[in-house]
Each structure stands twice: as C-alpha cells, then as structure tokens.
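Architecture at a glance
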Amino acid sequence: MPRLPGLRRLFRHVDSVDRVQRDVDDEIAFHLDAVTAELVAGGLDEGAARREAERRFGPVDQHRSSLKSEGRERLTRARWRTALDELRSDLGYAVRGLVREPLFALGAIFTLAIGIAANSTMFSVIDRLLLRAPPHVRDTPEMSLVYFTRPEGSGRAFTRNNTSWPDFAALRDSSGAVKDAAAYFLAEGSLDQGPAARKVSLGLATGNFFNLLGASPALGRWFTPAEDDPAATEPAVVLADALWRGQFNADPAVLGRAVRLDGRMHTVVGVAPPGFHGPQSLRVDAWIPIRTAAGRTIGADFETSRNWFWIKVVAERRADVPLTMAAERATLVHQRANRESKQSDSLARVVFASMVPARGAGVERTPGIEQGGRAGFTPQGRIAAWLGGVAAVVLLIVCANLANLLLSRASRRRREIAVRLAMGVRRGRLVRQLLSETLLLSLASGSVGLLLAWWGSAFMRRTFLAEMAWDSAAIDARVVAFTLCACLVTVVMAGLAPALVASRQDLTTALKAGTRGGGHRRTTLQRALLVAQAALSVVLLVGAGLFVRSLRNVASVHLGYDASKVLVADVDLGPVFAGANRDSVDVEVDRFWAEALERVGHLPGVASAALGVTTPFASSWASDFKLPGRDSLPELRGEGPYVNSVSPAFLATLGTRVTRGRGFLPTDVKGAEPVGVINEEMATRLWPGQNPIGQCMKVGGDSVPCTTVVGVMENSFRDNLREETVPQYLVVLGQATWQQPTWRSLFVRTNGDPAVVAALVRERLQTQRPDLPYAHVRTLRSIIEPEIEPWQLGATMFGVFGGLALLVAAIGLYAVVAYDVSQRWHELGVRSALGARPGQLRGLIVGDGVRHAMVGLVIGGVVAWAFAPLASGMLYRVAPRDPVTYSIVAGVLLGAAAVACLLPARRAARVAPADVLRGD
C-alpha cells in the first residue's frame with residue numbers, strides 16, 4: 001500500500017517536553033513494578049523485591065536523566081523537521097501565488113529594492129567613514145585623535161584637528177595626560193623630477209607614529225625615531241602598497257633603493273600594508289620622517305613657531321587617568337603655554353576623540369556654545385550620517401507602500417483566505433504563509449538592491465568622495481549582512497500588519513460575498529499608511545529644498561575674488577636650492593619666478609600672472625603686527641590680522657576690487673617705500689570713522705620701517721565659507737622679511753579654457769629647469785571645491801532620496817486609488833446612473849487622494865518644522881524653517897498627489913451605468 005503524505009501526521013499526538021518527561025517516569029515505574037511483582041511471586045518480601053529490582057535496573061536517576069535527554073532531542077528533531085516541512089510548503093505556496101500575479105511581484109520587488117539599495121549604499125559609505133577604525137589602526141579606549149576647540153564670535157565654537165609643533169610637544173611631554181603622542185601631516189609632493197615627475201600624496205610622520213597606531217609593515221620595516229632627524233642626508237621612506245604595486249611593480253627588491261621625493265633622495269626601508277593610510281581617510285602614497293621635511297615644507301622655525309597650525313596629533317592616553325581629567329590636564333598645559341607666548345590660541349580646549357568617528361569626542365560640550373564642528377567628524381562624515389537617517393526614512397516609505405499593496409492584495413483574496421480558514425488552517429499558520437510571500441519579495445529585492453548599491457557606492461566614491469582612500473570593495477560581508485538585516489526588518493514592518501489583518505476577517509461575510517462584494521473599501525490602516533508616506537516625503541523634500549538652497553547660496557556667494565578663471569601653480573623650490581646660503585637662495589628664487597612670470601605671461605589664453613605667498617583656502621599667515629602709539633590690539637585677538645606678500649599684479653589677477661585708494665603699481669618693488677593694501681574689515685576695526693589711507697603699519701615688529709596703507713580692498717574669504725570676516729592685508733613681495741624665500745605660488749588669470757591653459761602652464765614650468773620636482777597646477781576653484789562638497793553631497797543625495805520618496809509615495813497612492821476605484825465600480829456606476837457627471841466623478845476620486853496628501857503634508861510639515869533646527873549647522877545662509885522651501889514642498893507634494901490620482905479618476909469617469917447595472 002503506498003504511503004499517503006501527511007497520513008501519520010494526521011493521527012499522531014502532539015509531543016511536548018512535559019509529556020516526554022511523564023512518559024519516561026511512567027516507563028521506569030512500570031518496569032520496576034513488573035520486576036518487583038515477579039520477585040514477590042517468587043517468594044521475596046516486597047521491600048527486598050523492590051531493592052533487587054532497582055539493583056538489576058541500575059542507577060535509576062542516571063537512566064531517567066539519559067532517557068529524558070534522548071526524548072527531548074528526539075522531540076527537537078521532530079519539531080525542526082515539522083518546521084522545515086511547513087516552511088518548504090509555505091514558500092512553495094508563496095511562489096505559486098506570486099507567479100500568478102507577476103506584475104504585482106515585479107512592482108513590489110522594484111519598489112522595495114529602491115529602499116534597500118539606498119540604505120545599503122549609505123551603509124557602505126558610513127561604515128567606512130564613521131563606524132570603524134581606519135585599517136591597521138589600533139582601536140583601544142586609550143587611543144585618541146586630538147582636537148582643539150575654541151570659542152569664536154556669535155556664541156559659536158570652532159573645532160579643528162591641527163596645531164603647532166610647540167603645542168604638540170607640550171602635549172606629548174608635560175601634560176600628564178598621555179602615555180605617548182605622535183604627529184603627522186599630509187602634503188602634496190613629487191616623485192622623480194623634470195618631465196618624468198608625478199604628483200604623490202606624502203604623509204609626514206614622527207618616528208613613533210606607526211608603532212603607536214599598532215600597524216605592521218607588509219615588507220621591510222618602518223622608519224624609527226632616530227631616523228627622524230633634520231640632518232639626515234638620505235632620509236628613509238615607506239611606500240604605500242598602491243604606489244609599490246603601481247610604480248614599482250610590487251618588486252620586493254625595492255628595499256634599499258633610492259627614490260627621489262620632492263627633489264631629495266630617500267631610501268626605501270619598507271612597504272605599508274594594503275589599505276593603511278594612517279588615522280584619516282585620505283590617500284597617502286608614501287610616508288617620510290616629519291622633521292626631515294618640515295624645515296623645507298613649513299619653515300626652519302617650525303619647532304618654535306606657534307603661528308603655523310599644521311600638524312595633526314594622535315595620542316595614547318594614560319590608562320590611570322580618566323578621560324575628562326586627561327582633557328582638563330591637556331587643556332591647562334595648552335592654554336598656559338599659549339598665554340606665556342602671547343598667542344591667540346590661549347582659549348582653546350583640548351578634546352580627545354575616538355579613533356572611530358561615530359563615537360565622537362569624550363568631553364562634554366561647553367554650555368551655551370554652539371559647536372561649529374564635531375571632533376572626529378569631517379563635513380562629509382556629518383552629511384553621510386544625516387543621509388543614513390534619510391535612507392532609513394526612504395525605507396520606511398517603501399515599507400508603507402508595500403504594506404498598502406499587500407493589504408490591497410489581501411482584500412482581493414478574501415474568499416480564498418476565508419475558505420482556507422474554514423477548512424481548519426490555523427491563523428498562525430496562515431500568517432506565516434502570508435509572511436513567507438513578503439520574505440520572498442524582500443530577499444529578491446535585497447538581491448537587486450545589492451546590485452544597485454554596488455553601483456551607487458562606486459558612484460559616490462568616484463563623484464563626491466574621490467579624495468578618500470577606498471581600498472576595500474564597495475560591497476563586503478558587512479554590507480551584505482546589513483542588507484540581510486534590512487530585508488528581515490522589512491518583512492516585519494511591511495508584512496506583519498497585512499498578514500494579521502487578512503487572518504482576522506469575518507468568515508461568514510467573506511464566504512457569502514460575491515464578485516461585487518469580493519473587496520472592501522479602503523481600511524483605516526491603509527489610509528494611515530498613505531498619510532505616513534506623504535508625511536515622510538515632506539520631511540525629505542524639506543531637507544532636499546534646504547540643501548539645494550544652501551548650495552545655491554554657496555555657488556552665488558562673492559568670495560572677494562573671481563576663482564572661476566584663476567590657476568594656482570606650486571613648485572617646491574626648497575630641494576632645488578638646498579644647501580645654499582640664504583642670500584643666494586633669495587637671488588635664485590627671485591630669478592626663477594621672474595623668468596616664470598615672463599614665460600607664462602606670454603602663453604596663449606593667459607590674461608595676467610602674479611605671485612603670492614599664501615593661497616586662499618590653502619594657507620594663511622599671521623605676522624607680528626604693530627601700530628605706532630598702540631600697545632596692543634585687543635579687538636583683533638584671535639582673528640588675525642592675516643597677511644599675504646604679493647607681486648603688483650596680484651589684485652588684478654585674482655579679480656579683487658580696490659574700494660578706496662589704489663592698488664599696487666609696477667613701481668612698488670623691493671627697495672621702494674613699503675606699501676600695503678588692507679581689507680574693509682581691517683580698516684573698520686583699526687581706524688573706525690577715519691581715513692586709513694596714509695596710515696602707518698609695522699609688519700614684523702616695532703623696529704621695522706612703516707608700511708604705508710595706500711588702498712583698501714573688498715573683504716574676501718580666507719580659510720572657509722563659514723568664517724566671520726577677518727582683517728587681512730597685502731604687502732609687496734620682497735618688502736617683507738617674514739616669509740621663507742621659497743614660499744611662492746604663481747597665480748594665472750586665463751581668458752580661455754582653464755584646463756587647456758593649465759597643461760600649458762605646467763609644461764612651461766616643468767621645462768624651465770631639469771631638476772624641478774612636480775609642478776602642481778590647478779584651478780583656484782578646485783582648491784575651494786572641498787569646502788563646497790558637503791553642500792553638493794547633501795543637495796544631491798537629499799534631492800535623490802527626496803525624489804525617490806515622492807515617486808514611491810505617488811506610486812503607492814496611485815495603486816491604492818486604482819484598486820479603490822475597481823472596488824467602487826458598482827457604486828460609481830450607480831452614481832453615474834443617478835446623474836453624476838464625469839467631472840464630478842473625477843473630482844470625487846482626485847479629492848479623496850489629495851485629502852490624504854494634505855493630511856500628510858500637515859503632519860510632515862510639523863515634524864520638519866520641529867526637527868529642522870538640528871540641521872542648521874549644515875545649512876548655508878538659509879533658515880532651517882525657511883517659508884519659501886516649505887511652500888515649494890507643499891506645492892510639489894499636492895501636485896504629485898493630483899497627478900497620481902488623475903489616471904484612476906479618468907477611468908472612473910468612463911464608467912458605463914448600463915454595463916454595471918446589467919451585471920446585477
């Protein structure tokens with residue numbers, strides 16, 4: 001006789017742990033009682049017979065425990081077999097159901113894949129930037145990145161991650177807070193020289209840097225503290241893995257080879273492990289000792305000057321000192337040293353931040369002070385964190401949309417579900433079957449979402465985060481695990497409520513319903529989901545609008561110079577004239593740049609060219625500054641003034657306007673009367689209500705001659721777009737004695753394509769001398785671009801996510817309204833038969849959908865209004881509660897809702913009363 005599937009299951013009893021234990025106890029008792037009775041019948045008394053039976057049986061408790069354990073294991077295996085059988089059956093049922101409705105399945109998968117892909121994309125970026133320590137860097141509670149936060153005007157505080165060498169030395173040696181500290185600095189350098197030179201990113205580090213971070217070299221060794229010596233004739237270098245593989249073909253024999261970096265020979269002593277770029281996310285091609293290069297890169301007085309904030313610090317705090325106490329000790333040492341040297345950083349506080357940026361800093365915020373930046377978070381990192389939250393909102397909208405589709409589908413299947421329940425299917429089993437459909441949809445969406453996330457992550461890395469070091473794959477095991485978790489969360493969020501609603505229907509009503517009653521009108525849950533989608537879309541669209549307006553404000557801000565057509569060329573002449581005395585270096589540098597101005601000035605596409613010591617958004621300098629008759633300048637404390645030494649054509653080349661007096665003339669040269677041009681802010685602060693033209697400034701101290709103010713220029717941005725206007729002034733190159741002779745940048749104004757002219761300028765400079773390192777020529781706009789990138793990233797991604805949210809919400813509204821029209825077909829036919837005009841029917845359908853959008857608009861507007869101030873630190877010259885943005889969002893949402901309802905409304909207007917009534 002053939003076996004019938006499930007026949008044994010039909011008659012078996014339901015096992016449980018208690019039943020197994022009772023069965024074991026009963027079986028042992030029966031066995032002992034039987035043996036005891038047999039022995040009593042043989043002539044033993046009952047007590048002796050019982051003892052003999054127990055002796056023959058053996059250790060009763062041990063056998064009882066063993067049998068119970070075996071019974072529980074058998075029960076567990078049986079339950080797992082049953083669960084797997086039911087899961088296999090449920091999945092098969094789900095597959096058959098989805099195959100019967102391919103359009104529903106494809107639409108649900110596509111919609112859900114959008115939300116999952118958005119979250120997986122953002123997680124792949126956030127995970128690398130914020131959630132884990134940089135590769136090969138030790139992450140312990142004591143390891144810290146060191147930040148400095150100081151109060152600025154308007155009740156704000158600004159946090160930075162760089163400091164001067166003396167402040168680093170004070171923290172390392174005398175704070176009592178750290179066990180060890182290392183310094184590093186990133187700079188652009190040159191590999192090889194002449195026409196073969198190529199640009200590289202150099203990491204300058206102290207000798208203890210690598211061991212402090214806990215990194216191990218992949219080949220060779222790190223350089224040591226003893227090799228970090230300014231007197232070294234051929235300093236050591238450690239190559240990054242990418243440079244070793246790309247430039248040196250991964251040759252192990254590279255160890256001991258001499259390579260030319262920045263015009264100086266270096267000996268290769270090691271190769272860094274793949275992915276190691278120090279404690280930051282920026283790419284590094286090679287590591288060299290910091291003190292051997294700083295003298296030429298920063299200046300001979302780098303170890304004593306507190307005017308240069310250049311190095312970054314990583315420290316290992318003492319384990320026996322609590323975090324807050326360590327910060328207080330380090331702050332006291334830092335402030336005391338700056339007060340003694342009369343420096344403006346005497347109000348800065350030291351902040352110890354985690355190696356993992358998401359953990360942030362471990363000190364409390366200063367009461368009443370608004371942070372201008374968070375320790376451990378780059379602007380891109382802060383935007384990425386916000387976008388992670390935005391992606392989660394998109395997933396919520398997608399889940400609400402899918403839940404609405406599942407509710408509509410369950411409505412169409414009322415009779416089928418009622419029949420299954422009437423035949424004895426348990427409600428819990430039915431819920432599992434319906435959830436299995438959502439699980440299949442979610443897993444399929446997750447697979448598609450991973451493909452989209454791979455593309456999206458690569459696009460973000462290439463477009464918005466190109467300066468970051470991306471050595472790992474865009475999609476790794478952590479991203480896959482996150483995507484799987486997102487799929488499971490989606491099953492619960494989108495599938496549980498529809499499954500519970502479908503399993504709790506009235507069987508009598510459902511079984512009696514005919515075709516016309518096979519559905520039902522929109523439920524309260526469906527209405528709530530529609531409103532929720534609209535509300536969440538409003539929140540995202542408001543964020544997108546605020547960032548778009550911020551980006552527009554950034555793009556339209558007047559910088560005080562015209563950066564669109566200006567090139568900046570940098571050539572490190574320090575290695576070229578190394579070893580020469582100061583006087584000869586001065587002469588040779590002047591001759592080189594004079595020839596460069598002549599050669600570049602005659603190139604096609606060049607309108608003018610000039611020299612300057614500092615570059616906007618790249619470098620700045622504050623020199624000793626005195627005014628005759630004034631002992632101090634308290635009104636400028638902590639805010640400059642900042643000086644630049646330039647050639648006469650500088651103002652015209654950058655496009656900076658002179659508002660009073662005159663600019664520099666060709667006769668303003670070395671040896672002539674010292675003259676200067678100040679900005680409007682400096683004129684207002686130093687000579688309020690007076691004419692600054694003709695005033696005397698002493699740049700460099702009391703003993704130097706007067707520099708006469710001959711003109712006032714417009715205010716310009718110095719370092720970042722959020723800074724308050726600071727006093728700045730210009731002096732003539734050669735008349736100032738405070739700068740190193742090799743500090744020069746060539747500024748070129750073009751009247752043609754900047755990219756074409758940049759290639760010509762670089763070729764002309766590179767061939768001027770055969771021993772030159774790489775001539776780095778770039779647009780001034782590209783130097784400023786990193787400041788603009790956070791707003792570009794925010795505007796683009798908020799716009800994309802906001803647009804996706806609006807699209808998904810509109811599709812969801814369309815699907816629900818279209819299904820609602822199909823369920824109300826008979827009602828609409830009756831209305832038409834009673835005299836309702838097509839326009840009235842269209843208005844009925846569109847009005848119903850728009851009302852849901854309006855409710856969502858109000859709720860979303862209130863939520864956005866309440867939480868918008870949290871994003872104020874990332875906006876630019878736009879209020880977080882900007883009424884124009886809210887008005888535009890309202891119009892966009894209501895317009896999208898009207899369009900989404902229009903097609904179902906047109907179908908409703910074409911209802912034929914005769915066909916509907918004939919169907920009755």
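Residues numbered from 1 in each chain as written. Predicted model: local features only at pLDDT ≥ 70, side-chain atom pairs only at ≥ 80, totals over all residues. Heavy atoms only, no water.

A tally of regular secondary structure across the chain gives 25 helices and 23 strands. Per-residue burial for the chain yields a buried fraction of 50% across its 920 residues. Put simply, of all contacts in the chain between residues at least 6 apart along the chain, 80% involve residues at least 24 apart. On the chain, roughly 41600 Å² of surface is accessible, and the fraction owed to carbon and sulfur atoms is 58%. (Helix = DSSP H or I, 4+ residues; strand = E, 2+ residues; numbered from the N terminus. Buried < 20%, exposed > 50% of the residue type's maximum accessible area, 1.4 Å probe, protein only. Contact = heavy atoms within 4.5 Å. Areas by Shrake-Rupley, 256 points an atom, 1.4 Å probe, with all protein chains shown as cover.)

In terms of residue burial, helix α6 (residues 165–174) counts as a mostly covered element, since seven of its ten residues are buried. When we look at burial in α6, the residues that qualify are Trp165, Pro166, Asp167, Phe168, Ala169, Ala170 and Leu171. Within two residues after α6, Gly176 carries a phi angle of roughly 70°, on the positive side.

Okay, a nonpolar patch on the surface next. There is a patch of nonpolar side chains on the surface, built from Trp386, Val855, Ile859, Val863, Phe867 and Leu870 and spanning about 560 Å² of accessible area. In terms of residue count, helix α23 (residues 838–867) provides more of the nonpolar patch than any other element does, four residues in total. Mapped onto the secondary structure, Trp386 falls in helix α11 (residues 379–412). Since its relative accessible area comes to 33%, Trp386 is described here as partly exposed. (Patch = residues over 30% accessible without salt bridge, like charges linked within 9 Å, V, L, I, M, F, W, Y side chains within 5 Å. Salt bridge = Lys/Arg side-chain N within 4 Å of Asp/Glu carboxyl O.)

It is worth spelling out the packing of aromatic side chains at this point. Taken as a whole, this structure holds 22 aromatic pairs when the rule is applied. On the basis of an interplanar angle of 80° and a centroid distance of 5.2 Å, the ring pair of Phe209 and Phe210 is categorised as edge-to-face. Judged by its relative accessible area of 1%, Phe210 falls in the buried class. Aromatic rings pair up to connect Tyr184, Phe209, Phe210, Trp222, Phe223, Phe276 and Trp287 into one cluster. Directly above the aromatic system of Phe309 lies the positively charged group of Arg160, at a separation of 4.2 Å from the ring centroid. Looking at Arg718, its charged tip hangs above the ring of Tyr642, at a distance of 3.9 Å from the centre. (Phe/Tyr/Trp six-rings, centres within 6.5 Å; stacked < 30°, edge-to-face > 60°. Lys NZ or Arg CZ within 6 Å of the ring centre and 35° of its normal.)

What follows is about the pattern of salt bridges. On inspection of all chains with the given rule, the structure shows 24 salt bridges. When the shortest N-O distance is used, the salt bridge between Arg744 and Asp590 registers 3.5 Å. Of this pair, Arg744 sits in the loop between β21 (728–732) and β22 (745–750) while Asp590 sits in helix α17 (residues 582–601), placing them 154 residues apart in sequence. The class for Arg744 is buried, based on a relative accessible area of 9%. Residue Asp590 is classed as partly exposed on the basis of its relative accessible area of 36%. Each of the salt bridges in this network shares a partner with another, and the network as a whole consists of Asp127, Arg132, Asp476 and Arg478.

Here we take up the state of the cysteines. One covalent bond between the sulfur atoms of two cysteine residues makes up a disulfide. Considering all chains together, one arrives at one disulfide under this definition. Through a disulfide, Cys696 is tied to Cys706; the S-S separation comes to 1.8 Å. A torsion of -85° about the S-S bond marks the disulfide between Cys696 and Cys706 as left-handed. You can see Cys696 sitting in strand β19 (residues 696–699) and its partner Cys706 sitting in the loop between β19 and β20 (707–713), a full ten residues away along the chain. In this structure Cys706 comes out as partly exposed when scored by relative accessible area, which is 33%. Unpaired in this structure, Cys485 has its nearest cysteine sulfur neighbour in Cys487, at a distance of 9.1 Å. (Disulfide = S-S within 2.5 Å.)

Between the first and last C-alpha of helix α10 (residues 323–340) there are 26 Å, a value that for 18 residues agrees with the 26 Å anticipated at 1.5 Å per step. On its buried face, α10 sits against β1 (143–151), α6, β10 (312–317) and β11 (349–353). (Expected span 1.5 Å × (residues − 1).)

Positionally, Gly891 belongs in helix α24 (residues 883–909). On the basis of relative accessibility, which here comes to 46%, the residue Gly891 falls in the partly exposed class. For the pair formed by Gly891 and Leu857, sequence separation is 34 residues and the distance between their alpha carbons is 9.9 Å.

A few words now on the packing of helix α16 (residues 524–556) against α24. Remark: α16 packs on α24, axes separated minimally by 9 Å, with the N-to-C direction vectors making an angle of 135°. Comparing their axes, α24 and α16 come out oblique. For the element pair α16 and α24, the recorded crossing hand is right-handed. Of α24, the residues touching α16 (which contributes Ala534, Val538, Leu541, Val542, Gly545, Leu546 and Arg549) are Val884, Thr885, Tyr886, Val889 and Leu893. Residues that form the contact of α16 with α24 fall into these classes: nine nonpolar, two polar and one charged. (Axes fitted to C-alpha atoms, helices over the stretch in contact; angles between N-to-C directions. Parallel < 35°, antiparallel > 145°, perpendicular 65-115°, else oblique. Left-handed = near helix turned anticlockwise from the far one by under 90°. Nonpolar A, V, L, I, M, F, W, Y, C, P; charged D, E, K, R; others polar.)

With respect to the helices, strands and loops of the structure, Thr656 is situated in the loop between α18 (650–654) and β17 (658–661). Reaching out from Thr656, the side chain makes a polar contact with the backbone oxygen of Gly560 at a distance of 2.8 Å. Other than its neighbours up to four places away in sequence, Thr656 contacts Gly560, Tyr561, Leu651, Met713 and Glu714. (Polar contact = N/O pair within 3.5 Å; in protein donor to acceptor, adjacent residues only side chain to side chain.)

A cluster of basic side chains, namely Arg842, Arg906, Arg907 and Arg910, defines a positive patch on the protein surface. On the secondary structure map, Arg910 appears in the loop between α24 and α25 (913–919). (Lys, Arg positive; Asp, Glu negative; His and termini not counted. Charge placed at Lys NZ, Arg CZ, Asp CG, Glu CD.)

Before going further, it helps to spend a moment on the environment of Phe547. Along the chain, the position of Phe547 falls in helix α16. Residues Phe547 and Phe798 lie 251 residues apart in sequence; the distance between their C-alpha atoms is 7.5 Å. Among all residues touching Phe547, those that are not within four sequence positions of it are Ile383, Trp791, Gly794, Ala795, Phe798, Met874 and Leu875.

Right, let's talk about the nonpolar core for a bit. In terms of nonpolar packing, the biggest core is built from 92 residues, with Leu721 and Phe801 touching the most fellow members. In terms of residues, this core owes the most to one element, α11, which gives 14 residues. Look past the residues within four positions of Phe801 in its chain and what remains in contact with it is Ala118, Met122, Leu387, Val390, Ala391, Val394 and Leu540. Core analysis: the next-biggest nonpolar cluster, separate from the first, contains 87 residues, Leu243, Phe352, Leu611 and Val643 among them. (Core = buried A, V, L, I, M, F, W, Y, C linked by side-chain atoms within 4.5 Å.)

What follows is about the environment of Ala607. Its place among the elements puts Ala607 in strand β14 (residues 606–612). Among the residues examined, Ala607 registers a relative accessible area of 49% and is labelled partly exposed. With residues up to four places along the chain from it excluded, the contact list for Ala607 reads Arg749, Thr750 and Asn751.

Residues other than glycine predominantly adopt negative phi, and peptide bonds predominantly adopt the trans conformation. In this structure, His136 is a non-glycine residue whose phi angle is positive, near 70°. Along the chain, the position of His136 falls in the loop between α5 (102–131) and β1. The exposure class assigned to His136 is partly exposed, which follows from its relative accessible area of 38%. For Arg877, which is not a glycine, the phi torsion comes out positive at approximately 55°. Within the element layout of this structure, Arg877 appears in the loop between α23 and α24. You can call Arg877 exposed: its relative accessible area is 58%.

In short, the description is geometric, and any link to function would need to be established separately.
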